[in-house]
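Architecture and fold: a report
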Amino acid sequence: MIHCDGLVKIYKTSDLEVFALQGLDLTVETGELMAIIGNSGSGKSTLLNMLGGLDRPTAGHLTVDGKDMLKMKEAELVRYKRESVGFVWQNNARNLIPYLTALENVELPILLTGRRRRLRALELLEAVGLAHRARNKLHQLSGGEQQRVAIAIALANQPRLLLADEPTGSVDSRMAEQILDLFRELNRQLNLTIVIVTHDPLLAKKVDRVVAIRDGKISSEMLRRKSYDEELRELEAGLAQEGTPSHVEYAILDKAGRLQVPADYLQAIGIKDTNKVKLELGDAKIVLTPPDEGA
Ligand SMILES: Nc1ncnc2c1ncn2[C@@H]1O[C@H](COP(=O)(O)OP(=O)(O)OP(=O)(O)O)[C@@H](O)[C@H]1O
Ligand SMILES: [Mg+2]
């Protein structure tokens, strides 16, 4: 569904350039539900905006659903945004109109008319578990319910890819859990590919794959040992082992063989005031050690 190769985004303002993405490589399969984490300013929203066609990459390669996002013409991009991709933002003011009902909000983006539009909107509200609140005005809904209306809207035109930027940023943890359950269900039932940007490590732990961005590049990737469903089954059967971490973390090698070593690892082996490390091939291992005295 998504293939980024050496993706670069530079924001130019009058007096400075910000390198928001610095050669990012990422592949996401069709039907995947995955999360992207990273510090503030690491480039998460920038990446999502490129994926959603809201902004263009500066350089590199990006294909989404078979479309080349750097070569796409303006009209194709408009069609792509309308038909292929759904967006959910943290701040649902960006998705929703407060003085309309939940139903009217969902009807707006649907490219149908009359009764069919109403039926489709109701169907979508049902899919997000909100049919019973359809006639309520937005301000009568809780933050989490509003976020579910936003998800219904994002699904309105049957996108193949759903992008969510901090979708649970403004709701409590119970509501965050429900929203994630909804994503998981949509992923399973519609085979919808879902990319979630989140700060919430607990939420990230509930998906099978978490990719961490640092300074505009993928720095590490956590893969679940067992699928979430398998883990739930084991929990229910009382087979789950306490204290086993749910994910295995891998560092990411780029094509040139470069690797980002976490700063706290370097500190732990006493690397400071130097840019040199000793790299040795051991027994099926590569070993990093501080440089010899005087190096
Ligand atoms: N439109 C813009 N013009 C100039 N610089 C920008 C623009 N948008 C983002 N940036 C810069 O690009 C970098 C990456 O920003 P981005 O919004 O992608 O970070 P983020 O990982 O989403 O952070 P957060 O977790 O705070 O949302 C930051 O240094 C930011 O200041
Ligand atoms: Mg952001």
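A short note on the overall build of the protein chain
- The number of helices and strands found in the protein chain is nine helices and 13 strands.
- If one aligns the C-alpha atoms of the protein chain with their principal axes, the spans along those axes are about 80 × 55 × 30 Å.
- Within the span of the protein chain, comprising 295 residues, buried residues form 42% of the whole.
- Put simply, 63% of the contacts in the protein chain that link residues at least 6 apart link residues at least 24 apart.
- Within the structure as shown, the protein chain displays about 16,600 Å² of accessible surface, and the carbon and sulfur contribution to it stands at 51%.
- Separation between the mean location of the 39 positive side-chain charges and that of the 41 negative ones in the protein chain comes to 6 Å.

Focus: the site of ligand 1
- If you check the shell around ligand 1, you find Tyr11, Val18, Ala20, Asn39, Ser40, Gly41, Ser42, Gly43, Lys44, Ser45, Thr46 and His199 and nothing else.
- A distance of 2.7 Å separates an oxygen atom of ligand 1 from a polar atom in the side chain of Lys44.
- Contacts to ligand 1 include Thr46, whose side-chain N or O atom sits 2.5 Å from an oxygen atom.
- Within the complex, 61% of the 630 Å² of free accessible area of ligand 1 lies under protein.
- Elements represented by at least two residues in the shell around ligand 1 include exactly strand S2 (17-28) and helix H1 (44-51).
- It is H1 that provides the largest number of residues to the shell around ligand 1, a total of three residues.

Some points on the sheet that holds strand S4 (residues 59-64)
- Sheet architecture is open: four strands sit in the order S2-S1-S4-S5, paired in antiparallel fashion. In this open sheet, the two edge strands, each paired with only one partner strand, are S2 and strand S5 (67-68).
- Of the pairings in the sheet, the one linking strand S1 (residues 2-12) to S4 comprises five bridges and is antiparallel in character. Each residue of the ladder has a partner; that of Asp5, found in S4, is His61.
- This element, H1, spans S1, S2 and S4 of the sheet and lies at about 115° to S1.

Here's the deal with the nonpolar core
- In terms of nonpolar packing, the biggest core is built from 43 residues, with Val106, Leu125, Val149, Ile151 and Phe183 touching the most fellow members.
- In terms of residue count, the dominant contributor to this core is helix H6 (residues 173-190) (seven residues).
- With residues up to four places along the chain from it excluded, the contact list for Val106 reads Ala121, Leu124, Leu125, Val149, Ala152 and Ile153.
- Judged by nonpolar contacts, the second largest core, of 30 residues, contains Met69, Phe87, Val195 and Val197.

Points about the environment of Ile2
- Considering the arrangement of structural elements, one finds Ile2 in strand S1.
- You can call Ile2 buried: its relative accessible area is 2%.
- A C-alpha to C-alpha distance of 22 Å links Ile2 and Gly257, two positions 255 residues apart in sequence.

Quick look at the sheet that holds strand S10 (residues 217-224)
- Here seven strands make up an open sheet; going across it, the order is S6-S7-S8-S3-S9-S10-S11 and the pairing mixed. The open sheet has two edge strands with one neighbour each: strand S6 (85-89) and strand S11 (247-251). In this sheet, adjacent strand axes meet at a mean angle of 20° when their direction is disregarded.
- For strand S3 (residues 33-37) and strand S8 (residues 193-197), the ladder comprises four bridges, and the chain directions are parallel. Considered in S8, the bridge of Ile36 is made with Val197.

Each value, and the rule that gives it
- Residues numbered from 1 in each chain as written.
- Chains lettered and ligands numbered in written order.
- Predicted model: local features only at pLDDT ≥ 70, side-chain atom pairs only at ≥ 80, totals over all residues.
- Heavy atoms only, no water.
- Helix = DSSP H or I, 4+ residues; strand = E, 2+ residues; numbered from the N terminus.
- Buried < 20%, exposed > 50% of the residue type's maximum accessible area, 1.4 Å probe, protein only.
- Contact = heavy atoms within 4.5 Å.
- Areas by Shrake-Rupley, 256 points an atom, 1.4 Å probe, with all protein chains shown as cover.
- Lys, Arg positive; Asp, Glu negative; His and termini not counted.
- Charge placed at Lys NZ, Arg CZ, Asp CG, Glu CD.
- Near = heavy atom within 4 Å.
- Polar contact = N/O pair within 3.5 Å; in protein donor to acceptor, adjacent residues only side chain to side chain.
- Pairing = 2+ DSSP bridges.
- Axes fitted to C-alpha atoms, helices over the stretch in contact; angles between N-to-C directions.
- Core = buried A, V, L, I, M, F, W, Y, C linked by side-chain atoms within 4.5 Å.

Purely spatial values, then, with no claim about function.
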